[in-house]
Amino acid sequence: KAGVTQTPRYLIKTRGQQVTLSCSPISGHRSVSWYQQTPGQGLQFLFEYFSETQRNKGNFPGRFSGRQFSNSRSEMNVSTLELGDSALYLCVSSPIPQRGVNTGELFFGEGSRLTVL
Amino acid sequence: GNSVTQMEGPVTLSEEAFLTINCTYTATGYPSLFWYVQYPGEGLQLLLKATKADDKGSNKGFEATYRKETTSFHLEKGSVQVSDSAVYFCALAFTDKLIFGTGTRLQVFP
């Protein structure tokens, strides 16, 4: 069974630009979450999608947005990039939201590393 | 609010040394607790978990006990190997999402 696929793996942008990151969850999984990982803050929850609907949202500004498609693939977008947005963005796949979180059996992608210059 | 605090790293050990990585939490109620591991260039993987007080999670020689009285979930291993070098994250489950600590990097030298 293929794992969680994130693209692109690495990208460099400049301040003010916008970026779109993509995630394909494990086949059959309908829940996709996104986390931002930075050295100082660890992993911070961005948002979660299930069946094309946002179920949960973290404390990030409106510049961060996401969506999920009918095939469960998800994208996240960051507009008007700031230097502080440089991070590893992780996509997490699970069959259904509650089961994954309660059991810890979440499947992480390798991440998209964004550098903002 | 709900939060997780981990000891800062890096933790540097020689092979076969004893490992402890401290983790304490603040939470309403009694959340499930987890340790995740991130090997270089890979995604996070669940290492072990405990769902209620006094539960002990274990996997690959690692152990952690859910201590309600001290709100702790310290990770231990009796004899580390070079292959254990990774970043370790403590986490708790809260309202359908995980709250992570900042991670502790472990470096094991031969």
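A brief structural summary. (Residues numbered from 1 in each chain as written. Chains lettered and ligands numbered in written order. Predicted model: local features only at pLDDT ≥ 70, side-chain atom pairs only at ≥ 80, totals over all residues. Heavy atoms only, no water.)

**Comments concerning the overall build of chain A**
If you tally the helices and strands in chain A, you get one helix and 11 strands. Here the C-alpha atoms of chain A give a radius of gyration of 13 Å, agreeing with the 13 Å that 2.2 N^0.38 yields for 117 residues. For chain A, the spread of C-alpha atoms along the principal axes amounts to about 40 × 25 × 25 Å. Counting all 117 residues of chain A, 50% fall into the buried class. Counting contacts in chain A only where the partners sit at least 6 residues apart, residues at least 24 apart contribute 56% of the total. On chain A, roughly 5,500 Å² of surface is accessible, and the fraction owed to carbon and sulfur atoms is 48%. (Helix = DSSP H or I, 4+ residues; strand = E, 2+ residues; numbered from the N terminus. Rg over C-alpha atoms; globule rule 2.2 N^0.38 Å. Buried < 20%, exposed > 50% of the residue type's maximum accessible area, 1.4 Å probe, protein only. Contact = heavy atoms within 4.5 Å. Areas by Shrake-Rupley, 256 points an atom, 1.4 Å probe, with all protein chains shown as cover.)

**Here we look at the state of the cysteines**
Applying the stated criterion across every chain yields a total of two disulfides over all chains. Sulfur-sulfur distance for the disulfide between Cys23 of chain A and Cys91 of chain A comes to 1.8 Å. Taking the sign of the S-S torsion, -65 degrees for the link of Cys23 of chain A and Cys91 of chain A, the bridge is left-handed. Residue Cys23 of chain A is found in strand E3 (residues 19-24), and its partner Cys91 of chain A is found in strand E9 (residues 87-94); the two are separated by 68 residues along the sequence. Like Cys23 of chain A, the residue Cys91 of chain A is buried in the burial classification. Cys23 of chain B shares a disulfide with Cys90 of chain B; S-S distance 1.9 Å. In this structure, the disulfide formed by Cys23 of chain B and Cys90 of chain B twists by about -70 degrees around the S-S bond and is classed as left-handed. Taken together, the residues Cys23 of chain B in strand E4 (residues 23-26) and Cys90 of chain B in strand E10 (residues 86-94) connect sequence positions 67 residues apart. (Disulfide = S-S within 2.5 Å.)

**A closer look at the sheet that holds strand E1 (residues 5-7) of chain A**
All names here are of chain A. Strand order across the open sheet formed by four strands is E1-E3-E8-E7, with antiparallel pairing between neighbours. In this open sheet, the two strands that pair with only one neighbour each are E1 and strand E7 (64-68). When the angles between neighbouring strand axes are averaged without regard to direction, this sheet yields 15 degrees. Looking at chain direction, E3 and strand E8 (residues 74-78) are connected through five bridges and run antiparallel. By the bridge assignment, Cys23 is partnered in E8 with Ser74. (Pairing = 2+ DSSP bridges. Axes fitted to C-alpha atoms, helices over the stretch in contact; angles between N-to-C directions.)

Honestly, it's all geometry; don't read function into it.
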